[in-house]
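# Structural characterization, general
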Amino acid sequence: MHRRLRATPEWSGLRARCLHLPVRRSLLDIDRLRHSTAHVMAAAVCRLYDGVKLDIGPATDDGFYYDFDLPVRIAPEDFPKIEAEMARIVGQNAPFERVVMSRGEAEKTLSGAGQTYKLDRLSDIPAGEEISFYRCGDFADMCRGPHVASTGDIRAFKLVSVAGSYFRGRETNPMLQRIYGIVAATQKELDAHLERIEEARRRDHRKLGKELDLFSIHESVGPGLVHWHPKAARMRVLVEDFWRREHFRSGYELLFTPHIGRANLWQTSGHLDFYRDSMYSSMDIDGDDYFIKPMNCPFHIQVYQTQKRSYRELPLRWAELGTVYRYEKSGVLHGLLRVRGFTQDDAHIICTPEQIFDEIKSVLAFCLRMFRAFGFSEFRAYLATRPAKAVGEESRWDEASRSLEAALKSEQVEYEVDPGGGAFYGPKIDIKVRDVLGREWQMSTIQFDFNVPERFGLVYVGEDGREHRPYMVHRALLGSLERFFGILIEHYGGAFPLWLAPEQVRVLPVTEKQLDYALKVESALRGRDIRATTDKRSEKLGAKIRSAQLDKVPFMAIVGQKEEASGAVSVRGRSEGDMGARPVDAFAEMLVAGSVPGAAESGNRPT
RNA sequence: GCCAACGUAGCUCAGUCGGUAGAGCAGCUCACUCGUAAUGAGCAGGUCCUCGGUUCGAUUCCGAGCGUUGGCUCCA
């Protein structure tokens, strides 16, 4: 899941631009610094606490961590103490010395020190490979390295969090304590990094969702179940309308299907065999078991099966904004990004073998077009191919995988292949999108399904008059509307572009004497489908402007005596400031022109 | 689900070493009628997450549960 990115020049350039990370050093050097700092942290923890058992302390994408088994609980309040000890070690400028040992020596050293986790890790090292320790002052750790020359090279670091983590990530193993830290070459770079974390915190969709009155999740209703407030609902309608229009234009038709279905259906589809852990328990209706849907595909298949299908009507492209419910473990729920009930922008494409190349290519192009409309321009794809255990003929897998790869090449999307990483039922492409802060979000998935068509006996009649099994592709572009909305909030920092803003204009009367005129302006704008409201409070103009700014409304229309006399408004842009007076009609014209779906706007810069 | 922390007004938070609580903002009322990021005064607002236990007395201590947060894991 947390795959390390390859340091292609193009990609690291992007990182540098978006994450404000140092460009001068190669990623290897920064990793060396991170890993060495993890050692220094481990050394400090060993000095401060007794009975420390070490596991590992690797560099991560933006820092480092070290896993410990400790008799005491570490809390963030302990960080200053550990950091102070780390600073002492750095001050000593102790060199990192590499010590090579035989397996026997290493075993003796580790078991003598009671380092059981390390012993376990030692057994992972293949026979014949060199076993090295790195010593630094009074601390030594089995480690492949490499390290910086000495601790004095570590100038700016900070511990950021502590959390539990299973040894080797397995639930059955003991839970260790993981301390996370960040490190940079200079204090300035560290500060920049901290500033980036701060910016991400400011943009947190859970925080903005509350501040901007967008959505809520209620303990009384249940965790992971989202309530869209009026402003968010308005935005969702804008997204959905745009989505539907684009689908119709791209040759899709829409379906609406039920929320529940008989157990037998899920038995046939295989969900009850393979996916039951993620499904909610059944409900009894007239003595039959029904399940709430975790996916839409079995329903779409039913629609397909209502007729004998000919090759002439393929490809069929059926899309549905289908709300599905899936059980997610309580610990993984996270705002809008990980929920239990969500609306997939699902579609199934059923086509002949001859059609799959073109179909995949156009799905991918459609996908990128969609993202660009929402202000995303950096993508990365992961192609997952046939695993050892898989259903479906190998030739079909090959054909499907080739079509996926060809589409990626033809659309010039950077991608990585994950050999054998596909699900048992088909190969797939997952597409990740970078937001304005340089964070990567998995959104789209385009996957072949060789399982469901087989299980439901899907066929079409070919030119030869015989029955053939069609290819079925399952795809979601935005993924889930809930999750996509959360990402949009963070990408734009709540300052949505004009076409998506739930409130596009707020009319601000200078005094209550202009309230009637303000309401007239509001109604004129609404007449042009512009989302306008009026601030009717008895406040000074400055206060009204402040509220509108905080609510991130794209435009304010200020109306005082002068404007009323001339049938005008004074326009103030949320990022432009005072834009001067103009007639109401001209203002409306400007807004309508700027509200085209997908219209780019500079509303997403960090503020 | 697991480890840890947290849960006080609509929001952000303070506080109570066990004697049922307070601020700012938001809301409401009144006054003010104001020109590009906060006018003033007043009012109202709380099952201190829930349920048990200890105690004369629990928001505070203990236990369980629920939820949130940070991770782990999971994401056919």
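Here the structure is shown first, and the text comes after it.
### A closer look at the overall build of chain A
When helices and strands are counted, chain A shows 19 helices and 27 strands. Dimensions of chain A, computed from C-alpha atoms along their principal axes, come out at roughly 85 × 75 × 50 Å. Classification of the 607 residues of chain A by burial places 50% in the buried group. In chain A, the proportion of contacts linking residues at least 24 apart, taken out of those at least 6 apart, comes to 70%. Just so you have it, chain A exposes about 28,300 Å², and 51% of that area is on carbon and sulfur atoms.

### Structural notes on the layout of surface pockets
Roughly 690 Å³ of volume is contained in the second largest pocket. Elements supplying a minimum of two residues to the lining of the second largest pocket: helix 2 (27–48), helix 5 (116–122), strand 4 (131–136) and strand 5 (139–142). For the lining of the second largest pocket, the leading source of residues is helix 2, giving five residues. When its residues are assigned to classes, the lining of the second largest pocket shows 10 nonpolar, five polar and 10 charged.

### Quick look at the environment of lysine 308
As for its position among the elements, lysine 308 is in the loop between helix 11 (297–304) and strand 14 (316–325). As for lysine 308 and proline 419, which are separated by 111 residues in sequence, their C-alpha atoms are 37 Å apart. Apart from residues no more than four positions distant in its own chain, lysine 308 is found in contact with Glu313, Val461 and Glu467. A distance of 2.7 Å separates a polar atom in the side chain of lysine 308 from a polar atom in the side chain of glutamate 467.

### Overview of the side chain of aspartate 346
Mapped onto the elements, aspartate 346 comes out in strand 15 (residues 341–351). Not counting residues within four places of it along the chain, the set of residues in contact with aspartate 346 comprises Trp243, Asn296, Trp318, Ala319, Glu320, His474 and Arg475.

### Remarks on the packing of helix 8 (residues 230–249) against helix 15 (residues 481–492)
Relative orientation of the contacting elements helix 8 and helix 15 amounts to 105°, with a least axis distance of 11 Å. Considering the angle they form, helix 8 stands roughly perpendicular to helix 15. For the pair helix 8 and helix 15, the contacting residues are Ala232, Met235, Arg236, Val239 and Glu240 in the first and Leu481, Glu482 and Phe485 in the second. When the residues that make up the contact of helix 8 with helix 15 are grouped by side-chain class, the tally is five nonpolar, no polar and three charged.

### With respect to the pattern of salt bridges
Tallied over the full model, the rule gives 40 salt bridges. Across the salt bridge formed by arginine 244 and glutamate 240, the nearest N and O atoms sit 3.4 Å from each other. Of this pair, arginine 244 and glutamate 240 both sit in helix 8, four residues apart, roughly one helical turn. Judged by relative accessible area, which is 23%, arginine 244 ranks as partly exposed. Judged by its relative accessible area of 13%, glutamate 240 falls in the buried class. For the salt bridge of lysine 293 with glutamate 320, the shortest nitrogen-to-oxygen distance reads 3.7 Å.

Thresholds, definitions, all that
Each chain has its residues counted from 1, running along the sequence as written. For this description, chains carry letters from A and ligands carry numbers from 1, given in the order in which they are written. For this predicted model, a pLDDT threshold of at least 70 governs which residues receive local features, and a threshold of 80 or more governs which side-chain atom pairs are given and counted, while totals over whole chains, interfaces and linings are taken from all residues. Note that water and hydrogens are dropped before the side-chain values are worked out from all heavy atoms of the structure. Helix and strand assignments follow DSSP, with helices taken as H or I runs no shorter than four residues and strands as E runs no shorter than two, numbered in order from the N terminus. Only protein chains enter the accessibility calculation, which uses a 1.4 Å probe; a residue whose area is less than 20% of its type maximum is buried, one above 50% is exposed, and one in between is partly exposed. A contact between two residues is defined here by any heavy atoms of the two lying within 4.5 Å. Only the protein chains shown count as cover for residues, and all accessible areas are computed by the Shrake-Rupley method using a 1.4 Å probe. Both cavities and pockets are sets of points on a 1 Å grid over the protein atoms alone; in a cavity a 1.4 Å probe fits but cannot get out, in a pocket the set is open with protein on both sides within 12 Å along at least five of seven lines, and lining residues sit with an atom within 4 Å of a point. Grid points are joined across faces, edges and corners, and a volume is the space filled by probe spheres set on the points. Polar here means any residue outside two lists: the nonpolar Ala, Val, Leu, Ile, Met, Phe, Trp, Tyr, Cys and Pro, and the charged Asp, Glu, Lys and Arg; Gly therefore counts as polar. N or O atoms closer than or at 3.5 Å make up a polar contact, with two conditions inside protein: a donor-capable atom paired with an acceptor-capable one, and, for residues adjacent in sequence, both atoms drawn from side chains. Every axis corresponds to a line fitted to the C-alpha atoms, with the helix fit spanning only the stretch in contact, and the corresponding angles, defined between N-to-C directions, vary from 0 to 180 degrees. In what follows, roughly perpendicular refers to angles from 65 to 115 degrees, roughly parallel to angles under 35, roughly antiparallel to angles over 145, and oblique to any angle outside these ranges. By definition, a salt bridge exists where a carboxyl oxygen of Asp or Glu is found within 4 Å of a side-chain nitrogen of Lys or Arg.

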